[in-house]
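# Notes for the structure review
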Amino acid sequence: MSEELHDVRLTVNGATHDVRVPARRLLSDAIRHDCGLTGTHVGCEHGVCGACTVLLDGRPVRSCLLLAVSVAGAEITTVEGLGGDDDSLGPVQQAFADCHGLQCGFCTPGFLTTITAGIRDNPSPTRQEATDMIAGNLCRCTGYQNIVASVLRAAELAEQGSHGSSGGQGERP
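Everything quoted here is computed from the prediction, not taken from an experiment. Just so you know, the residues in each chain are numbered from 1, in the order the chain's sequence is written. Local features in a predicted model are, by the rule used here, given only for residues with pLDDT of at least 70; side-chain atom pairs are given and counted only at 80 or more, and totals for whole chains, interfaces and linings are based on all residues. With hydrogens and water excluded, all non-hydrogen atoms of the structure serve as input to the side-chain values.

## Regarding helix 1 (residues 27-34)
Short version of the rule: Using a 1.4 Å probe on the protein chains alone, a residue whose accessible area is under 20% of its type maximum counts as buried, one over 50% counts as exposed, and one in between counts as partly exposed. Helix and strand definitions here come from DSSP, where helices need a minimum of 4 consecutive H or I residues and strands a minimum of 2 consecutive E residues; each element is numbered from the N-terminal end. By definition, residues are in contact when any of their heavy atoms lie within 4.5 Å.
Along helix 1, the residues that are buried comprise L27, S28, A30 and I31. Elements in contact with the buried residues of helix 1: strand 1 (5-12), strand 3 (53-56) and strand 5 (75-77). In the stretch just after helix 1, G36 is the one whose phi turns positive, near 75°.

## Section: the confidence of the model for the chain
As a reminder, the rule being used: As a per-residue quantity, pLDDT reports the predictor's confidence and falls between 0 and 100.
In the predicted model, the chain carries a mean pLDDT of 92, and the fraction of residues at 70 or more is 92%. Note that residues 165-173 has pLDDT below 50 and, in this model, 18 contacts with residues that lie over four places away or in other chains.

## Quick word on unusual backbone geometry
Despite not being glycine, E45 shows a phi value in the positive range, around 60°. Among the structural elements, E45 can be located in the loop between helix 1 and strand 3. Exposure remark for E45: the relative accessible area of 48% places this residue in the partly exposed category. In the Ramachandran plot, D87 falls in the positive-phi region, its phi being about 70° despite a non-glycine side chain. With relative accessibility at 74%, the residue D87 sits in the exposed group.

## A few points about the sheet that holds strand 2 (residues 15-22)
Strands pair in a sheet through their backbones, by hydrogen bonds, and they do so in one of two ways: parallel or antiparallel. Quick reminder of the rule: Pairing between strands requires that DSSP locate at least two bridges from one strand to the other. Axis geometry follows a simple rule: fit a line to the C-alpha atoms, using only the stretch in contact for helices, then measure angles between N-to-C directions, giving values from 0 to 180 degrees.
Taking strand neighbours across the sheet as the criterion, the five strands line up as 2-1-5-3-4 in an open arrangement whose pairing is mixed. With partners counted over all chains shown, the strands left at the sheet margins are strand 2 and strand 4 (59-62), one partner each. Strand-to-strand, the axes of this sheet are offset by a mean angle of 40°, without reference to chain direction. Packed on one face of the sheet, helix 3 (residues 108-121) meets strand 3, strand 4 and strand 5 and runs near 40° to strand 3.

## Focus on helix 2 (residues 91-99)
In plain terms, the rule: This arc corresponds to the set of directions leading from the helix axis out to the C-beta atoms.
Taken together, the buried positions of helix 2 are occupied by V92, Q93, A95, F96 and C99. Looking down the long axis of helix 2, one finds its buried residues gathered within 160° of arc, a one-sided arrangement. H100 occupies a position one or two residues after helix 2 and carries a positive phi of about 55°.

## Details of the environment of V21
With respect to the element layout, V21 can be found in strand 2. For V21, a relative accessible area of 0% puts it in the buried group. When the C-alpha atoms of V21 and L67 are compared, they prove to be 9.9 Å apart, with 46 residues separating the residues in sequence. With residues up to four places along the chain from it excluded, the contact list for V21 reads E4, L5, H6, V8, D34, A68 and V69.

## A closer look at the nonpolar core
In plain terms, the rule: Within this scheme, the nonpolar core is defined by two criteria: the residues are buried Ala, Val, Leu, Ile, Met, Phe, Trp, Tyr or Cys, and they are joined through side-chain atoms within 4.5 Å.
Counting residues in each nonpolar core, the largest one holds 21 residues, and the members touching the most others are F96, F111, I115, I119, I134, I147 and V151. Secondary structure elements with two or more residues in this core: helix 2, helix 3, helix 4 (127-133) and helix 5 (145-163). Once residues within four sequence positions are removed from consideration, I119 is found in contact with P125, M133, V151, A154, A155 and A158. V12, A30, C35 and V71 belong to the second-largest nonpolar core, a separate cluster that totals 17 residues.

## Regarding the pairing of strand 4
Relative to strand 4, strand 3 runs antiparallel, the two being bridged by four bridges. Across the sheet, L56 pairs through a bridge with R59, a residue of strand 4. What sits between strand 3 and strand 4 in their antiparallel hairpin is a turn of two residues, with D57 showing a positive phi close to 50°.

## Digging into the side chain of S28
The topology assignment puts S28 in helix 1. Every residue in contact with S28, bar those within four places of it in the chain, is listed here: V42, S63 and C64.

Rendered as structure tokens:
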């Protein structure tokens, strides 16, 4: 007896993907296996680690906790969709490179999407706000200091991009 399949249209990083999935297919699995976008990582499969975080209509969500059939019609942004149209790095990606915010890289996609939404909601975070912003994502390799520095640097880069300035890179409180 085979499982019933459902036709679902997913919009991921602006591209439409018509997929045929079982009702219980997780969004993380649909993104990776059906859409072929492997940047979203699956860690704990319980929504605890944050490695699978994607943006759903601009809000960070754990894709391992959502069924693909439940997000039809929503705009999904994965780590692959965070860069510029010209394949340049987005501000959060550039900040991670500038501040050595990653080590093994497994948790990085979840951090990048989480921070992207966080910077949009709070464009000038303090160090404590940056720490709070990433509190729901786990990393086994870093001491989080470079990730916090990356949040602050991403805010600077995003501000420079929105104002067209090449202002200073002073540290925020």
